[in-house]
Amino acid sequence: MPTFLKRLLGVIVIAILLFALNAFLGEQGLFGFGAPPYYSRIVMLAGINVILAVSLNLITGFTGQFSIGHAGFMAVGAYSSAYLAVYHAGVWEQSLAKIVGGSLAHALVFLLLIGVGALGAAIAGLVVGIPSLRLRGDYLAIVTLGFAEIIRIVILNIDKVGGATGFSVPGYTNFIWVGAFAILTIVIVYNIVHSDAGRALVSIREDELAAEAMGINTTRYKVLAFVISSALAGVAGVLFGHYTQFLSTNDFQFIRSFEVIIMIVLGGMGSLTGSVLGAIVITVLPEALRRLPGDFSKYRLVIYAALLIIIMLTRPQGVLGQRELGFSWLKRPQRQPEGGGTVGASKGVPIAQRGSAKADHKKEIDDR
Amino acid sequence: MDTLLQQIINGLTVGAIYALIALGYTMVYGILRLINFAHGDIYMLGAFVGYFLAFQLGFATGPSLLGLGMVLIGSMIVAALAGMAIERFAYRPVRKYARMTTLITAIGVSLFIENLFVAKLGAAPRAFPQLLREQSYPLFGNAAISKSQILIFAVSVALMLLLQWIIFKTRVGTAMRAVSFNLNSAKLMGINTDVIISITFALGSALAAAGGVLTAQYNPQIDPLMGILTGLKAFVAAVLGGIGNIPGAVLGGLLIGLAETFVVGYGQNVGIPSTFRDAVAFAILILVLLFRPTGLLGSTVQEKV
């Protein structure tokens, strides 16, 4: 079967699945079966977290630049689209509906809002990235965290988007959007990572100085990865805002950025399927712990934190390390680069086994 | 003029607390290259231990200097033990792994302490008992300095001098400097690095706990989440001064304390709302790091291939 047919088939199957799942998670249900709103909320948030985790993995997992500012870019996306939705989108939708019909107009306007949110977050990513990506390691981390907090406090002081009281936003998001953009994010990041640019990014992670010596414009690639990552975080923000229908700057505190980092480290940095897994686990785990009997449920967040520590103690490279899960059936053998599957791993020796986690630290200590 | 003086006094008070906490961050970072995110929670723990000690020992009813001293020292000891326990059971096992792993562990410990306190004690703020009879001494004009402010200055300066003495005049301090210079070489020289790291955590945690009790005395409201933002700003102070650098941490703390107070006091005049108080620390940090990428007093590290 030709590749394009295969792809078309894939897209159609995914579309059907998304529509079916959306109906299942929605209010009406599918053929009388429907998920309770509590569960559908978890699924939606998991989908949004997948976008956040996979996009952060591009900059932190594959490029090795430690950013704790993801919540800030999410906030930019959420608020810029919310501003348009509240003050302008209604008029656009009405005039568009006269031409193409109501539901298509609704979808087109939301697509536009997502685009605006992504663009806003990308611009923020560029503004933050150019000066801060000159810094290394922990300095970069604390500066990105600082920028995110500044973004949050600036938004808090804009009265037009609600300020401290919060901002009511029209709802647009349903599972079709979340699922489609989660898949799109994975595809985008997968393709970047497996392109020339991706090789450059991985080389920056492995040894920035060596990469520079090989003629890679490290600043350019780092900013590129940062901007793409921010734009995708912006998309997640838009979806989040129009799903919860209420935005408060408290949703974008640095603890949210930490959560995303926890997802990617838990799943395994430099593993896309790991990020997806981490995002789902971190979304579901606190909710699942609610089911603990009696007094234990009071301590659910304590148990959650303890589990986090235990996972780090027992599996420091994350659940998947840098390996991928079940991607082999997606790969077309003829286009595989020499050296095989996972990015960054040389033939036959997965990086996780080379113990790069350990080696890194040793090198660091030796460097002092 | 007197309002300016008053603002400076208030700013230095806040700054001294930041400096005390920043010292712990900077010492741990200097030795382990670890951002100890749980440090802010140790500060909170110190305040709470002080709170319970004051009630248990019966000092909550009547202010007395003796009571304050006992509460302060007691909470410093408990916090030092807590810091050592955290190091032993959470950080030591992951020390050999990548930075990200230790960092997530630190975040995990921080969440653990916060959530444990919220679950046990509730998230509602509590009123810290008055251990010092509050009194204000006029300086000149309308400016005045309160007793608890004098206390904060006196105790923090004393503790900083003590720390300076420990680090530069004792065997343990020499070992600490050796470990922060190069962990493996220090080991080869026969230094028991595990013990030194443990002592570093104890010292840092004790300073943070002192900061917690002093803050609670100055601004008598404590809650289990009070350490998050304060801890973060103290960390920013440490980075601002050049992380790993002890005078730098003090300088950074004082600068951030002053800047915050000025934003609240004078920000309105230049169009900065007082809600930017929490952003100013980060803004200063970003500006400084753009021109001095290793902080004010930090030394540049030559990259090696």
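Residues numbered from 1 in each chain as written. Chains lettered and ligands numbered in written order. Predicted model: local features only at pLDDT ≥ 70, side-chain atom pairs only at ≥ 80, totals over all residues.

### Some details on the overall build of chain A
- Helices and strands together make up the secondary structure of chain A, namely 14 helices and two strands.
- Within the span of chain A, comprising 368 residues, buried residues form 45% of the whole.
- Long-range contacts, defined as pairs at least 24 residues apart, comprise 78% of the intrachain contacts of chain A with a sequence gap of at least 6. (Helix = DSSP H or I, 4+ residues; strand = E, 2+ residues; numbered from the N terminus. Buried ≥ 20, exposed ≤ 12 C-beta atoms within 10 Å, placed from the backbone. Contact = placed C-beta atoms within 7 Å.)

### Description of the confidence of the model for chain B
- When the pLDDT values of chain B are averaged, the result is 89; 98% of them are 70 or greater.
- Taken together, the chains of this predicted complex give a pTM of 0.85 and an interface ipTM of 0.86. (pLDDT = per-residue confidence, 0-100.)

### Quick word on the interface of chain A and chain B
- On the side of chain B, 40 residues touch chain A, which itself brings 39 residues to the contact.
- Among the elements of the structure, α5 (137-156), α10 (254-267), α12 (300-314) and α14 (356-367) of chain A are those that each provide at least two residues to the side of chain A that touches chain B.
- Element by element, the count of residues in the side of chain A that touches chain B is highest for α5 of chain A, at ten residues.
- In the side of chain A that touches chain B, the residues fall into 27 nonpolar, three polar and nine charged. (Nonpolar A, V, L, I, M, F, W, Y, C, P; charged D, E, K, R; others polar.)

### Remarks on the nonpolar core
- Membership of the largest hydrophobic core comes to 210 residues, with the highest contact counts inside it found for A79, A209, A210 and V236 of chain B.
- Top element by residues in this core is helix α1 (residues 2-32) of chain B. It accounts for 16 residues. (Core = buried A, V, L, I, M, F, W, Y, C linked by C-beta atoms within 7 Å.)

### Some details on helix α11 (residues 272-288) of chain A
Residues and elements named next belong to chain A.
- Over its 17 residues, α11 runs 24 Å from end to end, which matches the ideal 24 Å to within 8%, given 1.5 Å per residue.
- Of the residues making up α11, those classed as buried are L272, G274, S275, V276, L277, G278, A279, I282 and T283.
- Contacts made by the buried residues of α11 are with α2 (37-62), α6 (175-193) and α10. (Expected span 1.5 Å × (residues − 1).)

### What to know about the environment of G298 of chain B
All names here are of chain B.
- Topologically, G298 is positioned in the segment after α11 (277-291).
- Judged by C-beta crowding, with 19 C-beta atoms within 10 Å, G298 ranks as partly exposed.
- Counting along the chain gives 56 residues from G298 to G242, while the straight-line C-alpha distance between them is 4.0 Å.

### Quick word on helix α2 (residues 39-56) of chain B
Residues and elements named next belong to chain B.
- When the terminal C-alpha atoms of α2 are compared, their 25 Å separation across 18 residues agrees well with the 26 Å that a helix rising 1.5 Å per residue should span.
- Among the 18 residues that make up α2, 15 are buried, leaving the element largely enclosed by the rest of the structure.
- In the stretch just after α2, G58 is the one whose phi turns positive, near 80°.

### Side note on the packing of helix α3 (residues 70-100) of chain A against α5 of chain A
Residues and elements named next belong to chain A.
- Orientation of α3 relative to α5, taken along the N-to-C sense of each, is 30°, at an axis distance of 8 Å. On the basis of the axis angle, α3 is roughly parallel to α5. For the pair α3 and α5, the contacting residues are A71, G72, A75, V76 and Y79 in the first and F147, A148, I151, R152 and I155 in the second.
- Here the residues of the contact of α3 with α5 sort into eight nonpolar, one polar and one charged. (Axes fitted to C-alpha atoms, helices over the stretch in contact; angles between N-to-C directions. Parallel < 35°, antiparallel > 145°, perpendicular 65-115°, else oblique.)

### Re the environment of T26 of chain B
Residues and elements named next belong to chain B.
- Take T26: it is sitting in helix α1.
- Residue T26 is classed as buried on the basis of its C-beta count, with 31 C-beta atoms lying within 10 Å.
- Expressed as a C-alpha distance, the spacing of T26 and G50, which sit 24 residues apart in the sequence, is 24 Å.
- With near-sequence residues (within four places) excluded, T26 lies in contact with A238, I243, G244, N245, I246, G248 and A249.

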